[in-house]
Every structure is written in C-alpha cells, then in structure tokens.
Amino acid sequence: MSRLSHKQKLYIIVGIAAVAVVLQYLLHLKLYAQILVTLVGAIIALSMFKEMVHTLRSGKYGVDLLAILAVVATLSVGEYWASMVILIMLTGGDTLEDYASHKANTELKALLDNSPQIAHKIMDDGDIDDVSVNDVKVGDKIVVKPGEIVPVDSFIIKGSGLFDESSLTGESKPVEKNLRDNVMSGSLNGDNSVTLQVSKLAKDSQYQQLVKLVKEAESTPAHFVRMADRYAVPFTLAAILISLAAWFFSGDPHRLAEVLVVASPCPLILAAPVAMVSGMSRASRNGIVVKTGDVLEKLATAKTGAFDKTGTITSGQLTVQDVVTTSMKVEELLQLAASAEQESSHILARSLVAYTDNQNIDLAPVSSLEEKTGKGIEATINHKNVKVGKLKFVAPNSEMKPLATTTIYVSVDDELCGYVTFTDHVRPEAKETMNTLKALGVKKLMMLTGDQEKIAQRVAKEVGIDEVKADLLPQDKITALQTIPKSGHPTFMVGDGVNDAPSLATVDVGIAMGAHGSTAASESADVVILKDDLSRVSKAVTISRDTIKVARQSVLLGIAICTALMLIASTGIIPAFIGAMFQEVVDTVSILWALKARYSHEQ
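What this report covers is the structure whose coordinates are included nearby. (Residues numbered from 1 in each chain as written. Predicted model: local features only at pLDDT ≥ 70, side-chain atom pairs only at ≥ 80, totals over all residues. Heavy atoms only, no water.)

## Remarks on helix α18 (residues 474–482)
When we look at burial in α18, the residues that qualify are P474, K477, A480 and L481. On an axial view of α18, the arc spanned by its buried residues comes to 115°, and they lie on one face. (Buried < 20%, exposed > 50% of the residue type's maximum accessible area, 1.4 Å probe, protein only. Helix = DSSP H or I, 4+ residues; strand = E, 2+ residues; numbered from the N terminus. Arc of directions from axis to C-beta.)

## Description of the environment of A275
Mapped onto the elements of the fold, A275 is located in helix α10 (residues 266–285). For A275, a relative accessible area of 0% puts it in the buried group. Each C-alpha atom, one on A275 and one on G293, is 9.3 Å from the other, the two residues being 18 residues apart in sequence. When near neighbours in sequence (up to four residues on either side) are disregarded, A275 contacts T547, A551, A594 and A597. (Contact = heavy atoms within 4.5 Å.)

## Regarding a nonpolar patch on the surface
Judged by side-chain polarity, V22, L26, L27, L29, L31, Y32 and I35 come together as a nonpolar surface patch covering roughly 690 Å² of accessible area. Sorting elements by how many residues they give to the nonpolar patch places helix α2 (residues 30–54) first, with 3 residues. Along the chain, I35 turns up in helix α2. The partly exposed category is assigned to I35, whose relative accessible area is 48%. (Patch = residues over 30% accessible without salt bridge, like charges linked within 9 Å, V, L, I, M, F, W, Y side chains within 5 Å. Areas by Shrake-Rupley, 256 points an atom, 1.4 Å probe, with all protein chains shown as cover. Salt bridge = Lys/Arg side-chain N within 4 Å of Asp/Glu carboxyl O.)

## Here's the deal with the sheet that holds strand β19 (residues 467–469)
Ordered by their spatial adjacency, 7 strands build an open sheet running β10-β22-β21-β20-β11-β18-β19, and the pairing between neighbours is mixed. Whereas interior strands pair on both sides, the edge strands pair on one side only; in this sheet they are β10 (288–290) and β19. Along the sheet, successive strands turn relative to each other by an average axial angle of 20°, direction set aside. Pairing geometry for strand β18 (residues 444–448) and β19, over 3 bridges, is parallel. From the neighbouring strand, M446 faces β19, where its bridge partner is E467. Where helix α16 (residues 430–439) meets the sheet, it contacts β11 (304–307), β18 and β20 (491–495), and its direction lies at approximately 140° from that of β18. On top of the sheet, helix α17 (residues 453–463) reaches β18 and β19; it is set at about 155° to β19, its chief contact. (Pairing = 2+ DSSP bridges. Axes fitted to C-alpha atoms, helices over the stretch in contact; angles between N-to-C directions.)

## Let's talk about the environment of S344
Looking at where S344 falls in the secondary structure, it is placed in the loop between α13 (330–341) and α14 (347–358). The spacing of S344 and G376 is 32 residues in sequence and 9.7 Å in space, taken between C-alpha atoms. Not counting the four nearest positions on each side in its chain, S344 is found in contact with A349, R350, E371 and I377.

## Quick look at unusual backbone geometry
Its identity as a non-glycine residue notwithstanding, H383 has a phi of 65°, on the positive side. Note on placement: H383 falls in the loop between β14 (376–381) and β15 (384–389). Positive phi outside glycine occurs at D414, with the angle close to 70°. Relative to the assigned elements, D414 resides in the loop between β16 (406–412) and β17 (415–423).

Read these as geometric descriptors, not functional statements.
Spelled out as structure tokens, the structure:
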C-alpha cells in the first residue's frame, strides 16, 4: 500500500470499513467483520512499521511508533472499530495535508504552469516560425503577440506596450516598455504586438531561473519538520507512560488502548509542513521566492544582517555626473566604456549604457570580453585592449588617486584615458527597511562594499547602518562574514551582482535582489527578491517570523489538546471508539491553525 496515494489508501480503508459494517450489522457476521478489520489493521500496522524502520535516521520514529502502538493496542483488546477509525483518521489526515499543501502552494505552482514553451522567431527571409524556446539564441529577433508571455529575456526593437510582471515581481500594475527597454521572460504582453531581440538564452532568462528556484523550493525538505518530529520523542514517551500508568492502576488493559487512541501524532506530522508551505506561499505573493522551509527558520532567528551597497542599498538608478578624458573625445570614451560594459548586469554598467544610449552614441562591436569579478571589464574593441573598472585594475601604475565619489576608470592599451563619475542615489525605502529590521530584532547591521570608505560611510550614515567595511574584493567580503562572532543566531547577506554570489553562498541566508541582479547571485542565494524594493528584505524576515510562530503554535496546540485528552482517557471516561473520533478534531484544529501562516493583512 506504500505506493498508493493517501487518497487511494483512504478510499480502500473506507471501503473495507463499509464491508465490515455490512458483515456485522446487516448479515450479523460479527466474527468475520472482526477478522477482516483485524487483518487489514495488522497489515497496515506492519506497513507502517517497515516505513518507520526506513525513516529512523530522519528522527521520525516517534510519530510512527505512536500510530503503530495505537492500532496494535486497540486490536489487541478487541476494539477493532476504534482501530478502523484510527486508520481512517490517519489516512484522512494525510489526504487533508495533501489538499492543504496544494492550496497553500497555489501561487508557486502557477509559475510552473505558465512556463513559456514556444517563441515566434523572425527568420532570415522575414518569415515567422514557431520554434522551441530552448532553440532561441542570443541576438535572434522574436515577435510577442498581444496576450502572450515573453519567452526569453529580451529588449524591444520595434513597438511598445504594457507588460504584466506580476508573476515575477508581485506588482499587479502593468509596466510600460518602449524601444531598447529590457523585458523579462514570464512577462505578459498587453494589447500591442512587439518585436524583441533576445538578450539571454532560455535557461538563463529570468522566468526559467524563477521556475528552477520554485522546483528547488518544492523538492528540498524543511528543517523545522525535523524539529517537529523531535517533539514526538518526549510526546511519545509521555503517551506511553500515561497509558501504562492507567493500565497499572486500573488493572484494565482497555485503559492503555483508550489513552493511546487519543494520543494523535497528526499535529506533529501535518502542522509544521503545512505552515512552512503556507509561509512560502505568502512570501511568493509578496514577490519573494524562498527556496526552502529551512530558510524560513534561519531568517526568523537572524540577529545580524550584511548589505552590499551599490544596487542594493542604492536605488539602481545611478546618474552620470561627469565625463573626464585625457587623450580622446568624450563620445569616444563613452563608446568604448559602454561597449565593454554592455553585457554586464552591474548597476554602474547599466547606468553607463543607458546614458550612452540617451546620448545617441552607437556601441562598437566587441570581439572578446572578460569580466574580472570585483575589478572590472577587459574587452577587445576595434583591435584595442580596453579596461573599464577600478583604478588599480585599469591603470595599476597610475599616480592618480581614486576620487571620493562613485567612479569607473577607462584605459586603452594600458594607458589611462579618463573616467566617468556617477551620482549615487540611496533607495528611498532603505532607511525605513533598516529601522524595521532593528525593530524585528536584527541587532547588527553592516555594509560590505567594494566602493571607497568615504562613500560607503556617507551612505551607511544616511540609512542607519553602524558598521562599514569598504574597498573589499569578493574574497574580502567572505572573510568579513566568516569573522562575525557566532552567537548561535544565523546571519543573512543581501546583494545583487556577480561579485556578491560567493558571499551569498557563504552566509546562513543569502538574499539576492533579483529584479536586476545577476543569475549567479540568484542561484547562490536562499531568498530571491523579485521586485526592485529593498523593503522586501524586512518583509521576508517578518513572514519568516510569523511562519515559525504559527508552526510552533500549531504543533504545541495539538500536543496540548492530545495531552489533556490522554489524562481524561486514563480515567476511563472516554471509550476507545469515541477517543478515535476525537483524533480527527485534534488534526483539524492543528492544520487549520497552521494554515494561518498563508494569510496576512497584505493586499
């Protein structure tokens, strides 16, 4: 029966129960009814015992043992109808869990159901052919018709329109997109047909990455479920002691069965996972993908938070302030720098390319390109070696001192040719986010950035961060995170770029700002913020704390009710059959309480 679904098991047991009722009450064959129920109960108890042996190492033995004891005890004292009710309640509880998990996971599964499969590709002869989304290459031109989902990350080369990005960002208001604007895969096109040029392969596109995260979220078990199973050990011992004491003092073995019947293990089996999936569903509605329930538990107790600066605490809307050259025209410097940066997802690169585009400067073809993480870009453009990034990387022998503002430097064939400065805008929600995190109990907030000390200190002071570590390479960030004192509470890190990916993988909980962030950052992270909104970080912590609180409440509530019923049953007041019926009440209360984690006052 182990290969059958919980619903199928329930149908079979109910069917057998119906046959037993006919045998005993219509045909007056009580012995046959008892034999049938006892035989089926023994088979199922044996099946449960085998499953328990297979799951001993996972810590679930307490739950299984209690269920087996209840079935065996009722069968041993001839309370076979009570045994049948227990079996119906157990399989019914499992079926209810499946239903509750399915309802709680609706928002996550919607992503998988809507995954784009086909793209309308414009061929060389101008015809439009439908091809598999996996066959589309970077640079291909595709058409997205009204009401269709964008199959791959692209940018508009013809037309404009409104795009619904709610499945990606949680933002219900359609976003207007015009020429050269990037459009994320998974966006729903409005009323206009648009022509797009592909910027990423399907496997690297936003929607497919999100689907991958959702699949990970579904397939990885939650640590808190194991915690709930550990509750089963003392609970099982208490149930056994109370049942043995009732038998010892009364001299009646029926008392043992009556106590074990009401010692329902279902709150331990069902409540915690239902709460976890519900919390992950709530996070998804808020534009937050949480990969595992384990992450919710860690984030709920986090006391230290680290933040990257550029693109994380800053808004992602840097403005070019000044362009200074030493040996070429401003337009040529901008063309070389933007051409080298055009494939990078870093905020400085995006801002520079956008500024160059607004200046109507065409980008030059790039024959080779390599991103040096934490340093800059090295490219070959028009047979020239172009470096764009930090001063030490671009011109290590230059006597120039770095400017006290956000700046990228440009060299051609190892000769410093100039630099571009940017105005760095702090996100308007950054300060409130830090205040909210402190109110939630995150006592230590720190900034880890590759930017200069003076710039970092100014931004940190503005948003309310106390500790700053600047001029860091990716490995320096990892070192800084590893030196955080271990207080028994997890640490989280928030970042958005390629250079943040190692740090996000190092900490207990990595959080990626995924709206504009790199694929590497999102894959390394445990939590991905789909909307370009830093306040979603504090929202993720709030949801985590609410979820863990509800999970514990549902488990402890079920245990409390069961304990009270066991003490009452030990006096002989509750017959075994009625006690088995009470089991379902406990299960229902626990599961309904756990489902509270799915709901909130959010719109």
